[in-house]
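# Observations on the three-dimensional arrangement
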2 protein chains.
Amino acid sequence: MTTWNATASKLLDSAETLIRTKGYNAFSFRDLQREVGVKTSTIHYYFATKPDLAAAVFERFFQEHRLGLDQLTMAVPRAYDRLEKVVHFFGHNAGLGRFCLGGMLSSDRESLDEATRGALVRFFAHFESWVSTTIAYGKSNGEFKDSLDPDQAARTFVALLEGGMLIHRVKGDSHYFSDLILPFIDQMALIPSKI
Amino acid sequence: MTTWNATASKLLDSAETLIRTKGYNAFSFRDLQREVGVKTSTIHYYFATKPDLAAAVFERFFQEHRLGLDQLTMAVPRAYDRLEKVVHFFGHNAGLGRFCLGGMLSSDRESLDEATRGALVRFFAHFESWVSTTIAYGKSNGEFKDSLDPDQAARTFVALLEGGMLIHRVKGDSHYFSDLILPFIDQMALIPSKI
DNA sequence: AGATATCTATCTATTGATAGATAGATAAAG
DNA sequence: CTTTATCTATCTATCAATAGATAGATATCT
């Protein structure tokens, strides 16, 4: 687990926000210099190249994403509630104009290095796998319909999240995202709960 | 309906492909010069600025998209088959590494002018509206379940297309996209046909 | 002649990146 | 303990390449 000092962390923070709001190719080292208050040469001291910076940003994001999902699994007993929390988390970021980093870098994948492209593949595989496990658990739990194919439903859920965030930002309609995803979860449920 | 001469058309073609493969901020006027074989000054002769070029590319795309959907409505009698054809069309482009132009420019929307951002909103609204109408027709037709909410299903379908294309490109798995979307259509159908 | 289309040549600003200096912390040697 | 050496983190200054854009000459067609 790579660990960064204060400056590098701030650089990663700003870079992540810039990527998630404007995109990888739409921000410069000078933008970072302005935001963080260190010279561009200092950025290169920590991250040799721009693709290296993106790689580090994504590595940290991926790790936090894994950690967040693990904690969710431990802290929240019901599968339905776990998925709902994921939706709210994504929806919160979408509301701030912050697209999923995985989705954003997918758009810019041609500008990234091979290692980061590989990490992107693993990101989606891991996310889908977590959702699939959660849905399977929900089935065994009596929360979700027995007819559900967890893998299929998980792929759909993740793709819906990514596409939904994209369109949410374009529409600027603060209800679009949750109105899109929550009914989808509800449709999987045996007893259409809440909403 | 704006009409372009041969050079401008080639410029629009190349720009569209570049945007859909690499992204708006990842290509330059020099790339276009190389591909089309005219000087960058000639590009500026037709399109004053880069955002103007993007606007023209998207306007043409949007128009062809509308036309394509209209023709589909006229040529294909069954709603199910219309949606399936849309999926194959998107899937074909995804297979070529060509993301949906609407989705791609959504990622880069911060770099576009206000008019193009507005056109993006209208693009998704129109697409969703067409899908919704198609689903409503399919319901009246006895193809789709009566319980379906056409608007809700249409939003889901479009978001699934966009998210699916994004992830498809990352995975490089030629089956991912259609394996994702076709079951979704099938699930709407009264009589789970084909596949 | 005028309109249309393309080129040459060039501009300014910005890009990611590098070289080398410097101050301060840390460690090793005497 | 002090001195010497090395390492860490940052800076200044600058590079070559490229970005989008412009002015004005030139050719072609009506």
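Residues numbered from 1 in each chain as written. Chains lettered and ligands numbered in written order. Predicted model: local features only at pLDDT ≥ 70, side-chain atom pairs only at ≥ 80, totals over all residues. Heavy atoms only, no water.

## Re the overall build of chain A
The condition is simple: Only DSSP runs of H or I reaching four residues or more are called helices, and only runs of E reaching two or more are called strands; each is numbered from the N terminus. Burial classes: relative accessible area under 20% of the type maximum marks a residue as buried, over 50% as exposed, and values in between as partly exposed (1.4 Å probe, protein chains only). The contact rule is simple, with two residues in contact once any of their heavy atoms fall within 4.5 Å. Note on areas: Shrake-Rupley with a 1.4 Å probe; residue coverage comes only from the protein chains shown. Positive charges come from Lys and Arg, negative ones from Asp and Glu, while His and the chain ends are left out of the count. In this description, the location of a charge corresponds to atom NZ of lysine, CZ of arginine, CG of aspartate or CD of glutamate.
A count of helical and extended segments in chain A gives nine helices and zero strands. Going from the N terminus to the C terminus, chain A shows its helices and strands as α-α-α-α-α-α-α-α-α. Counting only C-alpha atoms, chain A reaches 60 × 35 × 30 Å along its principal axes. Across the 195 residues of chain A, 54% fall into the buried class. Here the contacts in chain A between residues at least 6 apart in sequence split such that 70% fall between residues at least 24 apart. Carbon and sulfur atoms make up 54% of the accessible area of chain A, which totals about 8,400 Å². Charge separation in chain A, taken as the distance between the mean sites of 22 positive and 23 negative side-chain charges, equals 5 Å.

## A look at the interface of chain A and chain B
The line we're drawing: The term buried area denotes the loss of accessible surface (1.4 Å probe radius) that occurs when two parts are joined, taken as the sum for both partners. By salt bridge we mean one thing: a side-chain nitrogen of Lys or Arg within 4 Å of a carboxyl oxygen of Asp or Glu. Residues are sorted three ways: Asp, Glu, Lys and Arg are charged, Ala, Val, Leu, Ile, Met, Phe, Trp, Tyr, Cys and Pro are nonpolar, and all the rest, Gly among them, are polar.
In this assembly, 35 residues from chain A lie in contact with 35 residues from chain B. Interface area, chain A with chain B, both sides summed: about 2,900 Å², of which 64% is carbon and sulfur. Together, Ser107, Leu166 and Val170 of chain A form the three largest contributors to the area buried by chain A at its contact with chain B, with a combined 19%. Between Glu128 of chain A and Lys171 of chain B there is a salt bridge, with the nearest N and O atoms lying 2.6 Å from each other. Taken together, the elements giving at least two residues each to the side of chain A that touches chain B come down to α6 (101-107), α7 (114-140), α8 (150-171) and α9 (176-188) of chain A. The biggest single contributor to the side of chain A that touches chain B is α8 of chain A, with 14 residues. Of the residues assigned to the side of chain A that touches chain B, the class counts are 15 nonpolar, 11 polar and nine charged.

## What about helix α4 (residues 50-75) of chain A?
Residues and elements named next belong to chain A. This is how the line gets drawn: Between the first and last residue of a helix there are one fewer steps than residues, each counted as 1.5 Å, and that sum is the expected span.
In a regular helix each residue adds 1.5 Å, so 26 residues correspond to 38 Å; α4 covers 37 Å between its end C-alpha atoms and thus fits that length. The complete set of buried residues in α4 reads Lys50, Leu53, Ala54, Ala56, Val57, Phe58, Arg60, Phe61, Phe62, His65, Leu69 and Leu72. Where α4 is buried, its residues touch α1 (6-21), α2 (29-36), α5 (79-95), α6 and α7.

## Quick look at the protein's contact with DNA strand C
Selection criterion: Near residues are defined by distance, with any heavy atom within 4 Å of the molecule or strand qualifying the residue. Definition of a polar contact: a pair of N or O atoms within 3.5 Å, with one able to donate and the other able to accept a hydrogen when the atoms are protein atoms, and with sequence-neighbouring residues admitted only if both atoms are side-chain atoms.
The local shell around DNA strand C holds 18 residues, among which Phe29 and His44 of chain A together with Thr7, Thr42 and Tyr46 of chain B are the closest. A distance of 2.9 Å separates a phosphate oxygen of DNA strand C from a polar backbone atom of Lys50 of chain A. Mapped onto the surface near DNA strand C, the elements with two or more residues apiece are α2 and α3 (40-46) of chain A together with α3 (40-46) of chain B. The element that contributes the greatest number of residues to the surface near DNA strand C is α3 of chain B, accounting for four residues. Of the residues contributing to the surface near DNA strand C, the split by class is five nonpolar, 10 polar and three charged.

## Quick word on the protein's contact with DNA strand D
Around DNA strand D there are 20 residues in total, and Thr7, Thr42 and Tyr46 of chain A together with Phe29 and His44 of chain B lie nearest to it. Taking all atoms of DNA strand D within 4 Å of the protein, the share assigned to sugar and phosphate is 55%. For DNA strand D, a phosphate oxygen lies 2.9 Å from a polar atom in the side chain of Thr42 of chain A. At a separation of 3.2 Å, a base nitrogen of DNA strand D approaches a polar side-chain atom of His44 of chain B. Going through the elements one at a time, α3 of chain A together with α2 (29-36) and α3 of chain B are the ones with two or more residues in the surface near DNA strand D. At four residues, the largest contribution of residues to the surface near DNA strand D is made by α3 of chain A.

## Things to note about the relation of the copies chain A and chain B
We apply this condition: Fitting of the copies onto one another was done by least squares over C-alpha atoms, counting residues only where both copies have pLDDT of at least 70.
Overlay of chain A on chain B (RMSD 0.0 Å): rotation 180°, translation along the axis 0.0 Å. Within this description, the copies of the chain are treated as partners about a two-fold rotation axis. For chain A, the residue whose C-alpha comes nearest the rotation axis is Gly163 of chain A, separated from it by 1.8 Å. When the interface residues of chain A are mapped onto chain B, 100% of them are again interface residues, pointing to one common binding face.

## Considerations on helix α8 (residues 150-171) of chain B
Residue and element names in this part refer to chain B. A rise of 1.5 Å per residue sets the reference length of α8, with its 22 residues, at 32 Å; its end C-alpha atoms lie 30 Å apart and thus fit the reference within 8%. Of all 22 residues that make up α8, 19 are buried, and the element is covered over most of its length. Here α8 starts with a cap whose side-chain oxygen sits 3.1 Å from the backbone nitrogen of Asp151, and that cap is Asp149.

## Points about the packing of α8 of chain B against helix α9 (residues 176-188) of chain B
Residues and elements named next belong to chain B. We count it as follows: Each axis is a line fitted through C-alpha atoms, and for a helix only the stretch in contact is used; angles between axes span 0 to 180 degrees, taken between their N-to-C directions. Note on terminology: angles under 35 degrees are roughly parallel, angles over 145 are roughly antiparallel, angles of 65 to 115 are roughly perpendicular, and the others are oblique. For any pair of crossing helices, the crossing counts as left-handed if the nearer helix is rotated counterclockwise from the farther one by less than a right angle, and right-handed if it is rotated clockwise.
Where α8 contacts α9, the two axes come as close as 8 Å, and the packing angle between them is 165°. With respect to α9, the element α8 is oriented roughly antiparallel. In this structure, α8 crosses over α9, and the sense of that crossing is right-handed. Note on element contacts: α9 touches α8 through Tyr176, Phe177, Leu180, Ile181, Phe184, Ile185 and Met188, opposite Ala153, Thr156, Phe157, Leu160, Leu161, Gly164, Met165, Ile167, His168 and Lys171.

Function cannot be read off these values alone, since they describe shape.
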